[in-house]
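Residue strings, one per chain:
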Amino acid sequence: DTGVSQNPRHKITKRGQNVTFRCDPISEHNRLYWYRQTLGQGPEFLTYFQNEAQLEKSRLLSDRFSAERPKGSFSTLEIQRTEQGDSAMYLCASSLIWGANVLTFGAGSRLTVL
Amino acid sequence: EDQVTQSPEALRLQEGESSSLNCSYTVSGLRGLFWYRQDPGKGPEFLFTLYSAGEEKEKERLKATLTKKESFLHITAPKPEDSATYLCAVQAGSGGTSYGKLTFGQGTILTVHP
């Protein structure tokens, strides 16, 4: 297993365009999380899946953001009509349900909105 | 609402100069306190989990401790390769849909000069 994989690593887009990020978690992990991190800040929780069910969404997740995890495997995070304030690192993490519940993070997808 | 505050925001040390990073938290029902290390352009890397006041964990030059209101990350005789951002996070609750979600502090940027 190569850990949590995120693609693309970098995305530059113009304001108003749609972007989609993909996350492939560690295969045996049931839980998948999306976080957003801006410069100089810690990661902020966006949403979380247990298998294919989206169980919690942060107030930070506006209607322009949508996340899916079909079949409980990979996940996508789509941002519609991007704004400059969406520029950030989008981090995906996965974990087991039981035990220490340690979150393993991917390297992130950096979004720059011009 | 769960809150995590880390201090100092930045710390510059000479190689071999020991010091400590602080993480103060308020949370309703602490499930665990986590320390992560983050290198520039990468996702957070897990270091430690602490579950109850008085607990300590060590890894190489790092030792994490926990009280009821704060945690310390002690760095003994640091080396330049210890330079990174150190993130503290809390996991609240004893089950349910929020189980597993982490609330992060803003991080402490550690620079160790040779």
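You'll find the structure just up there.
Parameters and conventions
- Residues numbered from 1 in each chain as written.
- Chains lettered and ligands numbered in written order.
- Predicted model: local features only at pLDDT ≥ 70, side-chain atom pairs only at ≥ 80, totals over all residues.
- Heavy atoms only, no water.
- Core = buried A, V, L, I, M, F, W, Y, C linked by side-chain atoms within 4.5 Å.
- Buried < 20%, exposed > 50% of the residue type's maximum accessible area, 1.4 Å probe, protein only.
- Helix = DSSP H or I, 4+ residues; strand = E, 2+ residues; numbered from the N terminus.
- Phe/Tyr/Trp six-rings, centres within 6.5 Å; stacked < 30°, edge-to-face > 60°.
- Disulfide = S-S within 2.5 Å.

S.K.: Mind laying out the nonpolar core, listing which residues take part and the relevant values?
M.R.: The biggest cluster of nonpolar side chains holds 22 residues, and the ones touching the most others in it are B:Leu33, B:Trp35, B:Leu73 and B:Tyr86. Elements with a contribution of two residues or more to this core: strand S2 (10-14), strand S3 (19-26), strand S4 (30-38), strand S5 (45-50), strand S7 (62-66), strand S8 (70-75), strand S9 (84-92) and strand S11 (108-113) of chain B. A:Phe65, A:Ala88, A:Leu111 and A:Val113 belong to the second-largest nonpolar core, a separate cluster that totals 19 residues.

S.K.: Report on the packing of aromatic side chains, specifying residues and quantitative values.
M.R.: Tallying each qualifying case throughout the model produces twelve aromatic pairs over all chains. Ring geometry for A:Tyr33 and A:Tyr48: centres 5.2 Å apart, planes at 10 degrees, overall stacked. Taken together, the positions of A:Tyr33 in strand S4 (residues 31-37) and A:Tyr48 in strand S5 (residues 44-50) put the pair 15 residues apart, joining distant regions of the chain. Each member of the pair A:Tyr33 and A:Tyr48 is classed as buried. Here the aromatic rings of A:Phe105 and B:Phe104 are separated by 6.0 Å at their centres, their planes lie at 70 degrees, and the arrangement is edge-to-face. Highlighted residues: A:Phe105 in strand S10 (residues 104-105) and B:Phe104 in strand S10 (residues 102-104), drawn from two different chains. What makes B:Phe104 buried here is its relative accessible area of 9%.

S.K.: Describe the state of the cysteines, naming the residues involved and giving the relevant values.
M.R.: Disulfide: a covalent bond connecting the sulfur atoms of a pair of cysteines. Residues and elements named next belong to chain A. This model, assessed by the stated rule, comprises two disulfides over all chains. The partner cysteine of Cys-23 in its disulfide is Cys-92, sulfur to sulfur 1.9 Å. The sign of the -70 degrees torsion about the S-S bond sets the Cys-23-Cys-92 disulfide as left-handed. Residue Cys-23 is located in strand S3 (residues 19-24), and its partner Cys-92 is located in strand S9 (residues 88-95); the two are separated by 69 residues in the primary sequence. With respect to burial, Cys-23 and Cys-92 carry one shared label: buried.

Limitation: the analysis is restricted to geometry and does not speak to function.
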